[in-house]
Amino acid sequence: MANILSKFQTMPYTHRLATPTDAKAIAPLMSAFAQERESIDPSMTIKPNYDFEQYVTHQLEKPLSFCWVLEHSNTIVGCLFIYFYDEAPPASLPDYLVQHHHVENPFQPRRVGSVLAMYVQPEHRQSEAIKLLANAAIQHAEEMKVTDIDLLIAEDQTGMQALLQRTGFKKAAVQFTRHYQIPTNTELPSLHPPHPELPEVKPITPNAIALRDPSTNELVRNPHGEPVFLIPLQNENGLLLNSDRLPIYPTPVRDPQKNDWVFNAAGELVVCPVLRDENGEIVEHEGIPQFCPPAYEVQAGAIRLKRDAQGNCVFCEVERNKDGKIVRSPDGMPVFKQPLLV
């Protein structure tokens, strides 16, 4: 065992920002993290047959969610997820909701970097390796101009607590939990607040869906002040393209810095292009149409959407073999070319 540990200590560790293609490798780490959390906190129970790969992919695709991976001998052995949010109400929030926000929040709003999860395989839990992940997240949080970084550490993780204290973190609270086992046949009172009534808006075309801000339910408007709609895909004859008899809607692009919807020079919503195979057919994975994700680059230390010379968003190309067929991962996901974040 001593020789093994010595080998781990002498071989270098590296870290980098994760991409959606890393989801399969990160999923077992997130599963292990959840299992450790479940063993410590009886109120946290993992759902049966939960798809951690889908969860990781979803987190990686969020515009204000980032993951750094720790690599050893070109193998991912650790990860750290952090997401950012602003406790202040958005500028577009109606006045009556701003007042409601002020009534419910007695504290000054913060700009927060919240650590969703951090996990390193036990045999790789070297302090210097862990610092690589922690420092990367801290540096990015400082670039995002946060006022606070929040993270939850288990009581028995004394080594991690000591490491955080050495890097300037302070213990802010002690969490206690008490779990109740509710019989499955119990009638439960609702704990959901009533949803506000949404104003009706006439769709510009049949099957068009009005785009709303998920945090406020307000209609999203383009630079001209007009409501924005998601338009289902159509063929050259104007007929709807369907997947499992349902219309296919494109995925809108959001800015990774401001979390705003992205519009082109003409004021049109920018959406991800649908992925097509060598025969021009829409590519699906497990019944879900696939879209080309936006490409990113680093400018002045911040991650931004990559744009071409005309200012248009650039999207990742899919890997193809010599026959023009799309390269897929072992689980069937299309493999996209990811630009280097330099």
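As a starting point, this report considers the structure included with it. (Residues numbered from 1 in each chain as written. Predicted model: local features only at pLDDT ≥ 70, side-chain atom pairs only at ≥ 80, totals over all residues. Heavy atoms only, no water.)

1. Things to note about the overall build of the chain
Working step 1: Helix and strand counts for the chain stand at 6 helices and 13 strands.
Working step 2: The C-alpha extent of the chain, read off along each of the three principal axes, is 70 × 60 × 50 Å.
Working step 3: Buried positions account for 34% of the 342 residues belonging to the chain.
Working step 4: Within the chain, contacts between residues at least 6 apart in sequence are counted, and of these 56% link residues at least 24 apart.
Working step 5: Total accessible area on the chain is roughly 22,500 Å²; 53% of this is exposed by carbon and sulfur atoms. (Helix = DSSP H or I, 4+ residues; strand = E, 2+ residues; numbered from the N terminus. Buried < 20%, exposed > 50% of the residue type's maximum accessible area, 1.4 Å probe, protein only. Contact = heavy atoms within 4.5 Å. Areas by Shrake-Rupley, 256 points an atom, 1.4 Å probe, with all protein chains shown as cover.)

2. Topic: the pairing of strand 3 (residues 75-86)
Here is the key point about a regular strand: its side chains alternate between the two faces of the sheet.
Working step 1: Both strand 2 (residues 65-72) and strand 3 contribute to a ladder of 8 bridges, which runs antiparallel. Bridge pairing in strand 3 places L70 opposite G78.
Working step 2: From the end of strand 2 to the start of strand 3, which pair antiparallel, there are 2 residues, and S73 there has a positive phi angle of about 55°. (Pairing = 2+ DSSP bridges.)

3. A closer look at helix 6 (residues 158-166)
Working step 1: When we look at burial in helix 6, the residues that qualify are M160, Q161, L163 and L164. The buried residues of helix 6 occupy an angular sector of 160° when projected down its axis, which confines them to one face. Among the exposed residues of helix 6, those pointing more than 90 degrees away from its buried face are T158 and R166.
Working step 2: Note on helix 6: the residue one or two positions beyond its end, G168, has a positive phi of about 100°. (Arc of directions from axis to C-beta.)

4. Details of the environment of F336
Working step 1: With respect to the helices and strands, F336 occurs in the segment after strand 13 (302-305).
Working step 2: Leave out the neighbours within four places in its chain, and F336 touches T21, L275, F291, C292, P293, C316, E317, V318 and E319.

5. Examining unusual backbone geometry
Working step 1: In this structure, N49 takes a positive phi of about 55° despite not being glycine.
Working step 2: Considering the arrangement of structural elements, one finds N49 in the loop between helix 2 (23-40) and helix 3 (52-61).
Working step 3: Although it is not a glycine, N259 adopts a positive phi angle of roughly 65°.
Working step 4: Looking at the element boundaries, N259 is found in the loop between strand 9 (246-247) and strand 10 (284-285).

6. Regarding empty space enclosed by the protein
Working step 1: Overall, the coordinates contain 1 cavity of 30 Å³ or more when judged by the stated rule.
Working step 2: Along its surface, the largest cavity is lined by L80, I82, V115, M118, A134, A137, I138, I149, L151, L164, T167 and F169.
Working step 3: The set of elements that each furnish at least two residues to the lining of the largest cavity consists of strand 3, strand 4 (111-120) and helix 5 (127-143).
Working step 4: It is helix 5 that provides the largest number of residues to the lining of the largest cavity, a total of 3 residues.
Working step 5: When grouped by side-chain class, the residues that make up the lining of the largest cavity number 11 nonpolar, 1 polar and no charged. (1 Å grid on protein atoms, 1.4 Å probe; cavity = no way out; pocket = protein on both sides within 12 Å on 5 of 7 lines; lining within 4 Å. Points joined across faces, edges and corners; volume = space filled by probe spheres on them. Nonpolar A, V, L, I, M, F, W, Y, C, P; charged D, E, K, R; others polar.)

7. What about the sheet that holds strand 2?
Working step 1: Strand order in the open sheet formed by 5 strands is 1-2-3-4-5, with mixed pairing between adjacent strands. Looking along the sheet, the strands with just one partner apiece sit at the ends: strand 1 (13-17) and strand 5 (148-150). When the angles between neighbouring strand axes are averaged without regard to direction, this sheet yields 25°.
Working step 2: Those strands touched by helix 2 are strand 2, strand 3 and strand 4, and its axis lies near 75° from that of strand 3.
Working step 3: Here helix 5 sits on the sheet and contacts strand 1, strand 2, strand 3, strand 4 and strand 5; the angle it forms with strand 2, its principal contact strand, is near 155°. (Axes fitted to C-alpha atoms, helices over the stretch in contact; angles between N-to-C directions.)

8. Regarding the state of the cysteines
Working step 1: In the structure shown here, the tally under the stated rule is 0 disulfides.
Working step 2: The thiol of C67 is unpaired, and the distance to the nearest cysteine sulfur, on C79, comes to 5.1 Å.
Working step 3: When its relative accessible area of 1% is taken as the criterion, C67 is described as buried.
Working step 4: C316 takes part in no disulfide bond, and the closest cysteine sulfur, belonging to C292, lies 8.1 Å away.
Working step 5: C316 gets classed as buried once you look at its relative accessible area, which sits at 4%. (Disulfide = S-S within 2.5 Å.)

9. Some remarks on the packing of aromatic side chains
Working step 1: Taken as a whole and assessed by the stated rule, the structure comprises 5 aromatic pairs.
Working step 2: For the ring pair Y50 and F52, a centre distance of 5.0 Å and an interplane angle of 80° mean the geometry is edge-to-face.
Working step 3: On the basis of an interplanar angle of 65° and a centroid distance of 5.9 Å, the ring pair of F66 and F84 is categorised as edge-to-face. Here F84 lies in strand 3 and F66 lies in strand 2, a separation of 18 residues in the sequence. Like F66, the residue F84 is buried in the burial classification.
Working step 4: One cation-aromatic arrangement involves R254 over W261; the distance from NZ or CZ to the ring centre is 3.9 Å. (Phe/Tyr/Trp six-rings, centres within 6.5 Å; stacked < 30°, edge-to-face > 60°. Lys NZ or Arg CZ within 6 Å of the ring centre and 35° of its normal.)

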